[in-house]
Amino acid sequence: MAETLSSLADLKEATAAPAPEAPRYVQKLDKDGRAYATGKRKNAVARVWIKPGRGQATVNGRALDAYFARPVLRMILNQPLVVANRLSQYDLFINVSGGGLSGQAGAVRHGIAKALTNYEPELRPILKKEGFLTRDSRVVERKKYGHRKARRSFQFSKR
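Owing to the predicted nature of the structure, the values given are computational and were not obtained by experimental measurement. (Residues numbered from 1 in each chain as written. Predicted model: local features only at pLDDT ≥ 70, side-chain atom pairs only at ≥ 80, totals over all residues. Heavy atoms only, no water.)

Looking only at helices and strands, the chain features five helices and five strands. The C-alpha radius of gyration computed for the chain amounts to 24 Å, which surpasses the reference 15 Å derived for 159 residues by more than 25%, pointing to a less compact arrangement than a globule. Its C-alpha atoms give the chain principal-axis dimensions of roughly 75 × 70 × 25 Å. Split by element, the accessible area of the chain, about 11300 Å² in all, is 53% carbon and sulfur. Side chains of the chain carry 31 positive and 13 negative charges; the gap between the two charge centres is 19 Å. (Helix = DSSP H or I, 4+ residues; strand = E, 2+ residues; numbered from the N terminus. Rg over C-alpha atoms; globule rule 2.2 N^0.38 Å. Areas by Shrake-Rupley, 256 points an atom, 1.4 Å probe, with all protein chains shown as cover. Lys, Arg positive; Asp, Glu negative; His and termini not counted. Charge placed at Lys NZ, Arg CZ, Asp CG, Glu CD.)

Here is the structure:
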């Protein structure tokens, strides 16, 4: 028969297990000293490489300002770098495909944040708190049969 426990302290000692430690994040670099990450948003996928440099960024072989012409999109891209205070310390090499410009900008932001955590693991809590490491899972709802759009129905006519 099982032993009898006389107090809560005895119960605590009987079921005590060592608390698991928080996972340790380590720097992940390729042979060229770059950190890589993949970012996603809607249907866009961005592959991002970062390495120490002067803050130059190329997207699909073009300058960042030429590819993302709208200031709002460039602001979205720079958010992880601004929060981490690393705006002109890294060169960015980005390949992005799929979706539209807004989805691509969100994918690049996600990729930059993940690449920053691969290069400097101590930045993870800052970027995590701001929500840059979470993939935005919102996508366009599909069209249903018998409807004009995803939820909009045809106009009802009584007569």
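The rest of the description comes next.
On to the packing of aromatic side chains, then. On inspection of all chains with the given rule, the structure shows three aromatic pairs. Relative to Trp 49, the ring of Tyr 36 lies with its centre 5.0 Å away and its plane at 45°, an arrangement referred to as tilted. Placement of Tyr 36 in strand β1 (residues 35-41) and of Trp 49 in strand β2 (residues 44-52) is noted, with a sequence separation of 13 residues between them. In this structure Tyr 36 comes out as partly exposed when scored by relative accessible area, which is 33%. Assessed through its relative accessible area of 16%, Trp 49 is described here as buried. Seen from their ring centres, Tyr 90 and Tyr 119 are 5.3 Å apart, and the 75° between their planes marks the pair as edge-to-face. With Tyr 90 in strand β5 (residues 90-97) and Tyr 119 in helix α4 (residues 101-119), this pair connects stretches of sequence that are 29 residues apart. One cation-aromatic arrangement involves Arg 124 over Tyr 25; the distance from NZ or CZ to the ring centre is 4.3 Å. (Phe/Tyr/Trp six-rings, centres within 6.5 Å; stacked < 30°, edge-to-face > 60°. Buried < 20%, exposed > 50% of the residue type's maximum accessible area, 1.4 Å probe, protein only. Lys NZ or Arg CZ within 6 Å of the ring centre and 35° of its normal.)

What follows deals with α4. With 19 residues, α4 ought to run about 27 Å at 1.5 Å a step, and its terminal C-alpha atoms sit 26 Å apart, in line with that. Where burial is concerned, most of α4 is hidden: 15 out of the 19 residues are buried. (Expected span 1.5 Å × (residues − 1).)

Assignment of secondary structure puts Asn 60 in the loop between β3 (57-59) and β4 (62-63). Those residues in contact with Asn 60, other than ones at most four positions away along the chain, are Tyr 67, Ile 94, Asn 95 and Val 96. Among the polar contacts listed, one links the side chain of Asn 60 to the backbone nitrogen of Val 96, at a separation of 2.9 Å. (Contact = heavy atoms within 4.5 Å. Polar contact = N/O pair within 3.5 Å; in protein donor to acceptor, adjacent residues only side chain to side chain.)

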